[in-house]
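If you want the building blocks of each chain, they are given just below.
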Amino acid sequence: MAANYVTHKFDGKLTKEELQKHFDSWQGSARVRYGHRYDNGAISEARGLTIDDMVCQGWKEADNYLHPKVHKRGPAVAIRLQEPGQPECWFIGAICAA
């Protein structure tokens, strides 16, 4: 079974509690759209959200940090992402089966 690396960005001004609520809403929407099965390749497969205190400077660093931390049927992981010239955001990564 193949796997998808799913990412999403949320406003960096969100508190951890607000981020969790936004993630839950995003995941809930995916469950409505793609179903509740754990093989649909969408974020609905992630088993919760782990919020990490890491701050990465750019996409490459963020991907290099997240890839070893996310696993199929595991939780999504959120970190802070600071890209040059862009406002800080929450960056979420997850591995979902397809």
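Residues numbered from 1 in each chain as written. Predicted model: local features only at pLDDT ≥ 70, side-chain atom pairs only at ≥ 80, totals over all residues. Heavy atoms only, no water.

Student: Which parts of the structure should I look at to understand the nonpolar core?
Tutor: Soluble globular proteins tend to pack their nonpolar side chains together in the buried interior. Ranked by size, the top nonpolar core spans 16 residues in total, and within it Leu19, Phe23, Ile43, Ala76 and Ile92 carry the most contacts. At the level of elements, strand S1 (3-11), helix H1 (16-34), strand S3 (76-81) and strand S4 (89-97) are the ones that each hand at least two residues to this core. Apart from residues no more than four positions distant in its own chain, Phe23 is found in contact with Phe10, Ile43, Ala46, Gly48, Leu49, Ala76 and Ile92. Within the second largest apolar cluster, 10 residues are counted, among which are Ala62, Val77, Phe91 and Ile95. (Core = buried A, V, L, I, M, F, W, Y, C linked by side-chain atoms within 4.5 Å. Buried < 20%, exposed > 50% of the residue type's maximum accessible area, 1.4 Å probe, protein only. Helix = DSSP H or I, 4+ residues; strand = E, 2+ residues; numbered from the N terminus. Contact = heavy atoms within 4.5 Å.)

Student: Explanation requested: the packing of aromatic side chains in the structure shown.
Tutor: In this description, an aromatic ring pair is defined by two values, namely the gap between the centres and the angle between the planes. Tallied over the full model, the rule gives 3 aromatic pairs. Ring geometry for Phe10 against Trp26: centres 6.0 Å apart, planes inclined by 75°, an arrangement best described as edge-to-face. With Phe10 in strand S1 and Trp26 in helix H1, the pair connects residues that are 16 residues apart, well separated along the chain. Given the relative accessible area of 12%, Phe10 is considered buried. (Phe/Tyr/Trp six-rings, centres within 6.5 Å; stacked < 30°, edge-to-face > 60°.)

Keep in mind these values describe shape, not function.
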